[in-house]
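# Observations on the three-dimensional arrangement
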Amino acid sequence: LLRAAAGAGLLAAATAAIAAPPAPPDVRVEHAWIRWLPANLPAAGYATIVNDSDGVQRLTGASSPDYESVMLHRSRLAEGDSTMEMVDHLDIPAHGSVKLAPGGYHLMLSHAKHALKPGDKVPMRLRFADGSVLQVDFSVLPANAAGHQ
């Protein structure tokens, strides 16, 4: 019985490893950070996504075990008003990069599942149109931070 249970456990682990989607080739994330806000207010994730490949990479979503909701958003100034809208994808050009930054594209993080504080690391899974997933740790920085140091 013990041998059968061990065999089943190994099979489940091997199946999970095979089923895990690969990271996108030649794509990396730099300077990943989250602006921490108190009282469980929604937070924002920022980073630079670099694409060293010969083709466009399309970011289609993100998730984190630390937040109930992670959405791609864009802030912009229109007619003197600041607006924010959800976007369904973000294209990272071949041999180029896109910045997720205050006042522009960002990850909107809602409903933290537990208390977070500056100094914490938040795992994030970035999903791409080709089915690949890139796991990135985002550093939680204070509310007054201007970016990842």
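Below: a short report on this structure.

### Side note on the packing of aromatic side chains
- Summed over the entire model, instances satisfying the criterion amount to one aromatic pair.
- Between Trp-33 and Tyr-46, the aromatic rings sit 4.8 Å apart at their centres with planes inclined by 45 degrees, giving tilted as the arrangement. You can see Trp-33 sitting in strand β1 (residues 27-35) and its partner Tyr-46 sitting in strand β2 (residues 43-51), a full 13 residues away along the chain.
- Of the residues examined, Tyr-46 reaches a relative accessible area of 7% and is grouped as buried.

### Points about the pattern of salt bridges
- Enumeration over the complete set of coordinates arrives at six salt bridges.
- In this structure, Glu-30 engages Arg-28 in a salt bridge whose closest nitrogen and oxygen atoms are separated by 3.0 Å.
- Owing to a relative accessible area of 27%, Glu-30 belongs among the partly exposed residues under this scheme.
- Among the ionic pairs, Asp-91 bridges to Arg-58, the shortest N-O distance being 2.7 Å. One end of the pair, Asp-91, is in strand β6 (residues 90-92); the other, Arg-58, is in strand β3 (residues 57-63), and 33 residues separate them in sequence.
- Overall, Asp-91 belongs to the partly exposed group, its relative accessible area being 32%.

### Things to note about the layout of surface pockets
- Volume-wise, the largest pocket comes out at about 180 Å³.
- Surrounding the largest pocket, 18 residues form its lining, Trp-36, Leu-37, Asn-40, Ala-112 and Leu-116 being those nearest its centre.
- Among the elements that make up the lining of the largest pocket, the one with the highest residue count is strand β8 (residues 105-112) (four residues).

### Quick notes on the side chain of Asp-66
- Its place among the elements puts Asp-66 in the loop between β3 and β4 (67-78).
- Within the buried core, Asp-66 has no salt-bridge partner, and the shortest N-O distance to an opposite charge, that of Lys-113, equals 7.5 Å.
- What Asp-66 contacts, discounting residues up to four positions off in sequence, is His-111, Ala-112, Lys-113, His-114, Leu-116, Lys-121, Val-122 and Pro-123.

### A few points about the environment of Pro-123
- Mapped onto the elements, Pro-123 comes out in strand β9 (residues 121-128).
- The spacing of Pro-123 and Asp-137 is 14 residues in sequence and 4.4 Å in space, taken between C-alpha atoms.
- If we ignore the near neighbours within four places in the chain, the residues touching Pro-123 are Ser-63, Ser-64, Pro-65, Asp-66, Gln-135, Val-136 and Asp-137.

### Some words on the pairing of strand β5 (residues 81-86)
- Little of β5 sits out of view: just zero of its six residues are buried.
- The hairpin formed by β4 and β5 contains two residues between the paired strands, and Glu-79 there has a positive phi angle of roughly 50 degrees.

### A short note on the nonpolar core
- Residues Leu-107, Met-124 and Leu-126 are the most contacted members of the largest nonpolar core, which totals 28 residues.
- In terms of nonpolar packing, the next biggest core, distinct from the first, is built from five residues, Ala-44, Tyr-46, Leu-141 and Ala-145 among them.

### Some points on the pairing of strand β10 (residues 133-141)
- Burial analysis of β10 places seven of its nine residues in the buried class, which makes it a mostly covered element.
- Here β1 runs beside β10; their pairing, made up of three bridges, is parallel. By the bridge assignment, Ile-34 is partnered in β10 with Val-140.
- Here seven bridges tie β9 to β10, and the two strands are oriented antiparallel to one another. Residue pairing in the sheet places Met-124 in a bridge with Val-136 of β10.
- Taking the residues that link successive antiparallel strands as the turn, the β9-β10 hairpin has four residues, and the phi of Gly-131 there is positive, at about 95 degrees.

Criteria and thresholds
- Residues numbered from 1 in each chain as written.
- Predicted model: local features only at pLDDT ≥ 70, side-chain atom pairs only at ≥ 80, totals over all residues.
- Heavy atoms only, no water.
- Phe/Tyr/Trp six-rings, centres within 6.5 Å; stacked < 30°, edge-to-face > 60°.
- Helix = DSSP H or I, 4+ residues; strand = E, 2+ residues; numbered from the N terminus.
- Buried < 20%, exposed > 50% of the residue type's maximum accessible area, 1.4 Å probe, protein only.
- Salt bridge = Lys/Arg side-chain N within 4 Å of Asp/Glu carboxyl O.
- 1 Å grid on protein atoms, 1.4 Å probe; cavity = no way out; pocket = protein on both sides within 12 Å on 5 of 7 lines; lining within 4 Å.
- Points joined across faces, edges and corners; volume = space filled by probe spheres on them.
- Lys, Arg positive; Asp, Glu negative; His and termini not counted.
- Contact = heavy atoms within 4.5 Å.
- Pairing = 2+ DSSP bridges.
- Core = buried A, V, L, I, M, F, W, Y, C linked by side-chain atoms within 4.5 Å.

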